[in-house]
Amino acid sequence: MEHTIKRIGLLTSGGDSPGMNAAIRAVVRACKYYNVESIGIRQGYEGLIQNDVIVLGARSVRHIINQGGTILKTARSEEFRTAVGRKKAYQNIQQNQIDALIVIGGDGSFTGAKIFAEEFGIPFIGVPGTIDNDIFGTDFTIGYDTALNTVVEAIDKLRDTATSHDRLFFVEVMGRDAGFIALHSGIASGAQEILIPEKKDSIEELIASLEQSDKTGKKSSIVVIAEGEKLGNIYQLAAQVKELKPQYDIRVTVLGHIQRGGSPSCQDRVLASRLGIAAVEALLEGKTNLMAGLRSNKVVYTPIEEAIKKHNEIDQDLIKTAQILAI
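What comes next is a walk through the structure. (Residues numbered from 1 in each chain as written. Predicted model: local features only at pLDDT ≥ 70, side-chain atom pairs only at ≥ 80, totals over all residues. Heavy atoms only, no water.)

1. Topic: the overall build of the protein chain
Stated precisely, the cut-off is as follows: Secondary structure elements are defined from DSSP: runs of H or I of at least 4 residues count as helices, runs of E of at least 2 residues count as strands, and each element is numbered from the N terminus. Radius of gyration: C-alpha atoms only; globule rule: 2.2 Å multiplied by the number of residues to the exponent 0.38. Accessible area is worked out with a 1.4 Å probe on protein chains only. A residue is then buried under 20% of its type maximum, exposed over 50%, and partly exposed in between. Contacts are assigned to residue pairs that have any heavy atoms within 4.5 Å of one another. Each accessible area is a Shrake-Rupley estimate made with a 1.4 Å probe; only the visible protein chains count as cover when residues are assessed.
From N to C terminus, the protein chain includes 11 helices and 11 strands. Here the C-alpha radius of gyration of the protein chain, 22 Å, is about what a compact globule of 327 residues would show, namely 20 Å. Overall, the C-alpha framework of the protein chain stretches about 70 × 35 × 30 Å when taken along its three principal axes. A buried classification covers 54% of the 327 residues belonging to the protein chain. Within the protein chain, counting contacts between residues at least 6 apart in sequence, those at least 24 apart form 74% of the total. Here the protein chain has roughly 14800 Å² of accessible surface; of this, 49% comes from carbon and sulfur atoms.

2. Focus on the sheet that holds strand β4 (residues 100-105)
Strand pairing in a sheet is mediated by backbone hydrogen bonds. Such pairs are either parallel or antiparallel. Applicable threshold: Between any two strands, pairing holds if DSSP finds at least two bridges. Only the stretch in contact is used when a helix axis is fitted, and all axes are lines through C-alpha atoms; the angle between N-to-C directions ranges over 0 to 180 degrees.
With respect to topology, 7 strands assemble into an open sheet ordered β3-β2-β1-β4-β5-β10-β11, the strand pairing being mixed. Where the open sheet ends on each side, the last strands, each with one partner, are β3 (53-56) and β11 (298-303). If you compare each strand with its neighbour and ignore which way they point, the axes differ by 30° on average. Here strand β1 (residues 7-12) pairs with strand β2 (residues 37-41) via 5 bridges, running parallel. Each bridged residue has a counterpart across the sheet, and for Gly-9 the counterpart in β2 is Ile-39. Helix α4 (residues 107-120) contacts β4, β5 (124-128) and β10 (290-295) of the sheet and is inclined by roughly 175° relative to β5.

3. What about the sheet that holds strand β6 (residues 168-173)?
Spatially, the 4 strands line up as an open sheet ordered β7-β8-β6-β9, and their pairing is parallel. With partners counted over all chains shown, the strands left at the sheet margins are β7 (193-195) and β9 (250-254), one partner each. For this sheet the average axis-to-axis angle between neighbouring strands, irrespective of direction, equals 15°. On top of the sheet, helix α8 (residues 234-244) reaches β6, β7, β8 (221-226) and β9; it is set at about 170° to β9, its chief contact.

4. Comments concerning helix α3 (residues 83-95)
Under the convention used in this document: To estimate how far a helix should reach, multiply one less than its number of residues by 1.5 Å. This arc corresponds to the set of directions leading from the helix axis out to the C-beta atoms.
For α3, which comprises 13 residues, the first-to-last C-alpha distance of 18 Å matches the rise-based estimate of 18 Å (1.5 Å per residue) to within 8%. Among the residues of α3, Gly-85, Arg-86, Ala-89, Asn-92 and Ile-93 are the ones counted as buried. Looking straight down α3, one finds that the buried residues subtend no more than 115° of arc, so they occupy a single side. Away from its buried face, by an angle of more than 90 degrees, α3 presents the exposed residues Ala-83, Val-84 and Gln-95. Tucked into the core, α3 has its buried residues touching α2 (44-50), β4 and α4. One or two positions beyond α3, positive phi appears at Gln-97, with a value near 55°.

5. Section: the pattern of salt bridges
Side-chain pairs of opposite charge can arise whenever the charged atoms involved come near each other. Applied cut-off: Criterion for a salt bridge: a side-chain nitrogen of Lys or Arg within 4 Å of a carboxyl oxygen of Asp or Glu.
Applying the stated criterion to the full structure yields 15 salt bridges. The partner of Arg-295 in a salt bridge is Asp-139, with the nearest N and O atoms 3.0 Å apart. Placement of the pair is Arg-295 in strand β10 and Asp-139 in the loop between β5 and α5 (144-165), with a sequence separation of 156 residues. The class for Arg-295 is partly exposed, based on a relative accessible area of 28%. Take Asp-139: its relative accessible area is 29%, and that puts it in the partly exposed class.

6. Considering the packing of aromatic side chains
Where we set the bar: Under the pairing criterion, centres of Phe, Tyr and Trp rings, with the six-membered ring standing for Trp, must be within 6.5 Å; the plane angle then separates stacked pairs below 30 degrees from edge-to-face pairs above 60, leaving the rest tilted. Whether a charge sits over a ring depends on NZ of Lys or CZ of Arg being within 6 Å of the ring centre and within 35 degrees of the ring normal.
Counted according to the given criterion, the structure contains 6 aromatic pairs. Consider the rings of Phe-80 and Phe-116, whose centres lie 5.5 Å apart with planes at 50°: the pair is tilted. Here Phe-80 is found in the loop between β3 and α3, whereas its partner Phe-116 is found in helix α4, with 36 residues between them in sequence. For Phe-116, a relative accessible area of 1% translates into the label buried. Taking NZ or CZ as reference, Arg-295 lies 5.4 Å from the ring centre of Phe-136, over its face.

Written out as structure tokens, the structure is:
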């Protein structure tokens, strides 16, 4: 593979997700394979402004494929949102002789990379790392599968106590703008109802579903709620149901940031490894302003503008599946 790029900078940005370390490892070892130097940038774009960089070799990333989080750390940078901040970042790019960037993160991270590339002509490839699975151009994002498994395991445990006490559990999962985690984990864990931002829900429908479950002999139920549910937050919803149905013994559980942590699943490790290598190869082939993703188990490249502006859509068949299984 012929190329003129000699040094590739690598950073993780935005919210962390399980599998980011596997992607870092893949990038570094692909660089070694193609005789390119890899430069790790700590703390995302903030590290680029502060010149917090480190040379990474193949042995630098040993024993990290199984670790959650990111060894490069991640942070949001208000300064990078300014022209002055981005100029500082570019000066450090020049000082460290970095020829191209690989950015592991979500749409906010890609937006920053796009603006940076437009201003200073730095080639870059994005790698989708977010548990929300809402990035257009890939069937799955790095961290999504692990987050799902974490949620399902937690709900399975909650069901044990719900069944023991004939309780109604409201469980909030991450998904400020997207309901992928809620929908998939809700189906997998046998939830009675799943409330997501993409679907128009109502308290009346929720009550009707719970009443129907009572009639069919259910003594306990699980309601999975995405944090971005438009009806209100989980405590408000639980209070409204309790007011209308005081006989229900309701408990609320917010799973929170445990969904971001933990050892990545096999699927996330393989996905991260494939996309990390694909990102390096794309840069060496002269490609830029693209996101590496997976469609139908094949690596594909999506223009970064599409990855930012468009979003994966909820499969309506899955919503129907959830409704059928809740009977």
